[in-house]
Amino acid sequence: MIRTEKLVKIYQTEDVETTALNEVDIQISEGEFVAIMGPSGCGKSTLLNVLGMIDSPTSGNYFFWIRK
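Residues numbered from 1 in each chain as written. Predicted model: local features only at pLDDT ≥ 70, side-chain atom pairs only at ≥ 80, totals over all residues. Heavy atoms only, no water.

**Q** Tell me about the nonpolar core, residues and numbers included.
**A** Counting seven residues, the largest nonpolar core consists of Ile2, Leu7, Leu21, Ile28, Leu47, Val50 and Leu51. Elements with a contribution of two residues or more to this core: strand E1 (2-12), strand E2 (17-28) and helix H1 (44-51). Here the element with the most residues in this core is H1; it accounts for three residues. Apart from the residues lying within four places of it in its own chain, the contact partners of leucine 51 are Ile2, Thr4, Ile26 and Tyr62. (Core = buried A, V, L, I, M, F, W, Y, C linked by side-chain atoms within 4.5 Å. Buried < 20%, exposed > 50% of the residue type's maximum accessible area, 1.4 Å probe, protein only. Helix = DSSP H or I, 4+ residues; strand = E, 2+ residues; numbered from the N terminus. Contact = heavy atoms within 4.5 Å.)

Structure (structure tokens):
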């Protein structure tokens, strides 16, 4: 199971602060199939990078359970 609570990801440069994820709450149960869709630049890749543990959120909680 995957669950997020108020997941936030902010990218910062010297001049610009970009919010890629803004308090995202999702829950994906075991065996469930999910499609992530949206327009270019809406945070799909950022969300998948956080869920895949390639990137870390700026704030919020991410829970990942594996059934043994």
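Now, onward.
**Q** Would you mind going over the pattern of salt bridges in detail, with residue names and values included?
**A** In total, this model carries four salt bridges according to the counting rule given. Put simply, lysine 9 and aspartate 55 hold a salt bridge, and the shortest N to O gap is 3.2 Å. Of this pair, lysine 9 sits in strand E1 while aspartate 55 sits in the loop between H1 and strand E3 (59-64), placing them 46 residues apart in sequence. A relative accessible area of 10% means that lysine 9 is categorised as buried. For aspartate 55, a relative accessible area of 24% puts it in the partly exposed group. Glutamate 30 is paired through a salt bridge with arginine 67; the nearest N and O atoms lie 2.9 Å apart. Separated by 37 residues along the polypeptide, glutamate 30 in the loop between E2 and H1 and arginine 67 in the segment after E3 bring together distant segments of the chain. Across this residue pair, the class does not change: glutamate 30 and arginine 67 are exposed. (Salt bridge = Lys/Arg side-chain N within 4 Å of Asp/Glu carboxyl O.)

**Q** Summarise H1; cite the residues concerned and give the values.
**A** In an α-helix there are 3.6 residues to a turn, and that puts residues three or four apart on one side. Looking at H1, one finds that the buried residues are Thr46, Leu47, Val50 and Leu51. All buried residues of H1 project into a common sector of 130 degrees when viewed along the axis, lining one side. Against the buried residues of H1 lie E1, E2 and E3. Taken from the residues just after H1, methionine 53 is the one with a positive phi, measuring 65 degrees. (Arc of directions from axis to C-beta.)

**Q** Help me get a handle on the sheet that holds E1, residues and values and all.
**A** The three strands lie next to each other as E2-E1-E3, forming an open sheet whose pairing is antiparallel. Looking at which strands have only one partner, the edges of the open sheet turn out to be E2 and E3. Averaged over neighbouring strand pairs, the angle between their axes works out to 25 degrees when direction is ignored. The pairing of E1 with E2 spans eight bridges and is classified as antiparallel. Its bridge partner being in E2, threonine 4 is matched across the sheet by isoleucine 26. (Pairing = 2+ DSSP bridges. Axes fitted to C-alpha atoms, helices over the stretch in contact; angles between N-to-C directions.)

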